[in-house]
Amino acid sequence: MDQGHQVSGSLPELLFADYGGELSEKIMAGYEVVRPVTLRFNTLKITAEEGKNALKEAGFSFEEVGWYSAAVILNDCTEEDIRRTALYEEGKVYLQSLSSMLPPLFLSPKKGESILDMTAAPGGKTTELAALSRGEALITACERDKLRFERLLFNLKRQGAGRVTALCTDAAFLDDLFCFDKILLDAPCSGSGTVSPRKTARIDALYVERCARLQEKLLRKALKLLKNGGEMVYSTCSILKRENEDVLRHVLEGCGAKVVPVEPPAGVPLLPSADGTLCVMPTAQYEGFFLAKLIKEERK
Ligand code: SAM
């Protein structure tokens, strides 16, 4: 099974191997933090300005997010407080971590584009893609797990994301005759960027290796389904190189696709990552997260 990868070791050991002592200790400290509630206004239903006014009127205080006008960081508030509001009930806001708002922004969906969200539930990024395209991209959202698929359908409906075709299927078995302008692969992963301190023992090298194999399979499939010249985003909520840079290196070698460097938004805390990719460090406001933008080269 091993192809030179570490298949034994605990999460702290894996972090140490990737980042050394000082950074891995900071990462472990980042797991301990209870982060403030963050949300995204659903601009299919409300403008960011209207949403901010409505939050203030409902007695909430918040900070703005410099790189995204549709996002806010709430002060002294629980997710339950937000769930009790009319804004939430009416699908005008979506509770979402700041890091996980990044991939749709980098995919930059436009009117008329066909976009595959390959592993979509519960739909945070599908609904964000719909909102960013003003409901005018033709989105296909795929999810394998039946219960999570139900949650995806519920969220699509509540958020008013109408032009989304949802498929409950294994994305690895999508017909190769499909061809998309853009693809988001927000891959299933170990969760090493978002894990709570009580659960770090669940993540070890063997589990990470299993995740990486699945990620490589799904990324290969994504590149088959992407049109020539099309762009995609590969993301995970893992900060381990085996699930990120190594997956890209294994799959991209000789396959006619390459990384398009992304500019990190100002203020996002970063871990070192391979050229052009972005790895968010777990901190007081951000969950650990990785993303890379890829382009499939035109055939000559
Ligand atoms: N993008 C989602 C969001 O922002 O709400 C989160 C996606 S979560 C990281 C990964 C999802 O992939 C899980 O819901 C999991 O059930 C699903 N999944 C795992 N393997 C899959 C496969 N082979 N085909 C389709 N979905 C899959």
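Up top you'll find the structure we're talking about.
So, a few notes on the structure that sits alongside this text.

## Some details on the pattern of salt bridges
And then number 1: Counting across every chain of the model gives 20 salt bridges.
And then number 2: Residue Lys 227 is joined to Asp 181 by a salt bridge in which the shortest nitrogen-to-oxygen separation is 3.3 Å. Separated by 46 residues along the polypeptide, Lys 227 in strand β9 (residues 226-236) and Asp 181 in strand β8 (residues 180-186) bring together distant segments of the chain.
And then number 3: You can call Lys 227 partly exposed: its relative accessible area is 34%.
And then number 4: Across the pair Glu 231 and Lys 293 runs a salt bridge, and its minimum N-O distance is 3.5 Å.

## Considering the environment of Phe 106
And then number 1: Along the chain, Phe 106 falls in helix α5 (residues 102-107).
And then number 2: Take Phe 106: its relative accessible area is 15%, and that puts it in the buried class.
And then number 3: The sequence separation of Phe 106 and Ser 8 amounts to 98 residues, and the corresponding C-alpha distance is 34 Å.
And then number 4: Ignoring anything within four residues of it in the chain, the contact list for Phe 106 reads Val 233, Val 262, Glu 263, Pro 265, Leu 278, Leu 291 and Lys 293.

## Quick word on the packing of aromatic side chains
And then number 1: Tallying each qualifying case throughout the model produces two aromatic pairs.
And then number 2: Judged by centre distance (5.9 Å) and plane angle (15°), the ring pair of Trp 67 and Tyr 68 falls under stacked. There is no split in this pair, since Trp 67 and Tyr 68 are both buried.
And then number 3: Ring geometry for Phe 178 versus Phe 180: centroids 5.8 Å apart, planes at 25°, classification stacked.

## Regarding the sheet that holds strand β2 (residues 62-65)
Each strand in a sheet pairs with another by means of backbone hydrogen bonds, the pair being arranged parallel or else antiparallel.
And then number 1: The antiparallel open sheet is built from four strands, whose spatial order is β2-β3-β1-β4. The outermost strands of the open sheet, each flanked by one partner alone, are β2 and β4 (93-95). Averaged over all pairs of adjacent strands, the angle between strand axes in this sheet comes to 30°, irrespective of strand direction.
And then number 2: Sheet topology note: the strand β1 (residues 38-41)/β4 ladder contains three bridges and is antiparallel. Of the residues in β4, the one forming a bridge with Phe 41 is Val 93.
And then number 3: Packed onto the sheet, helix α2 (residues 48-57) meets β1, β2 and β3 (68-74) and runs at close to 20° relative to β3.
And then number 4: Helix-sheet contacts for helix α6 (residues 124-132) involve β1, β3 and β4, and the interaxial angle to β1 is about 35°.

## Describing α6
And then number 1: Of all nine residues that make up α6, eight are buried, and the element is covered over most of its length.
And then number 2: Downstream of α6 by a residue or two, Arg 134 has a phi angle that is positive, lying close to 55°.

## Describing the site of the ligand
And then number 1: The environment of the ligand is formed by 19 residues, the closest being Lys 125, Glu 143, Arg 148, Asp 170 and Asp 186.
And then number 2: The separation between an oxygen atom of the ligand and a polar side-chain atom of Glu 143 is 2.6 Å.
And then number 3: Here the ligand has 610 Å² of accessible area as a free molecule, and 88% of this is covered by the chains.
And then number 4: Of the residues contributing to the shell around the ligand, the split by class is eight nonpolar, four polar and seven charged.

## Some remarks on the nonpolar core
And then number 1: Among the nonpolar cores identified, the biggest contains 42 residues, and Ile 183, Leu 219 and Met 232 are the most heavily contacted of them.
And then number 2: Looking at this core, the elements with two or more residues in it are α1 (11-32), β8, α8 (205-225), β9, α9 (245-252) and β13 (289-296).
And then number 3: Leaving out residues up to four positions away in the same chain, Ile 183 has contacts with Leu 107, Leu 116, Met 118, Ala 222, Leu 225, Leu 226, Glu 231, Met 232 and Val 233.
And then number 4: Listed in part, the 33 residues of the second largest apolar core include Trp 67, Leu 107, Ala 121 and Leu 129.

## Re the pairing of β1
And then number 1: The alternating pattern of β1 places Thr 38 and Arg 40 on one face and Leu 39 and Phe 41 on the opposite face, and all of these are buried.
And then number 2: Here three bridges tie β1 to β3, and the two strands are oriented antiparallel to one another. Bridge pairing in β3 places Thr 38 opposite Ile 73.

Cut-offs applied
Residues numbered from 1 in each chain as written. Predicted model: local features only at pLDDT ≥ 70, side-chain atom pairs only at ≥ 80, totals over all residues. Heavy atoms only, no water. Salt bridge = Lys/Arg side-chain N within 4 Å of Asp/Glu carboxyl O. Helix = DSSP H or I, 4+ residues; strand = E, 2+ residues; numbered from the N terminus. Buried < 20%, exposed > 50% of the residue type's maximum accessible area, 1.4 Å probe, protein only. Contact = heavy atoms within 4.5 Å. Phe/Tyr/Trp six-rings, centres within 6.5 Å; stacked < 30°, edge-to-face > 60°. Pairing = 2+ DSSP bridges. Axes fitted to C-alpha atoms, helices over the stretch in contact; angles between N-to-C directions. Near = heavy atom within 4 Å. Polar contact = N/O pair within 3.5 Å; in protein donor to acceptor, adjacent residues only side chain to side chain. Areas by Shrake-Rupley, 256 points an atom, 1.4 Å probe, with all protein chains shown as cover. Nonpolar A, V, L, I, M, F, W, Y, C, P; charged D, E, K, R; others polar. Core = buried A, V, L, I, M, F, W, Y, C linked by side-chain atoms within 4.5 Å.

Don't take any of this as a statement about function, it's just geometry.
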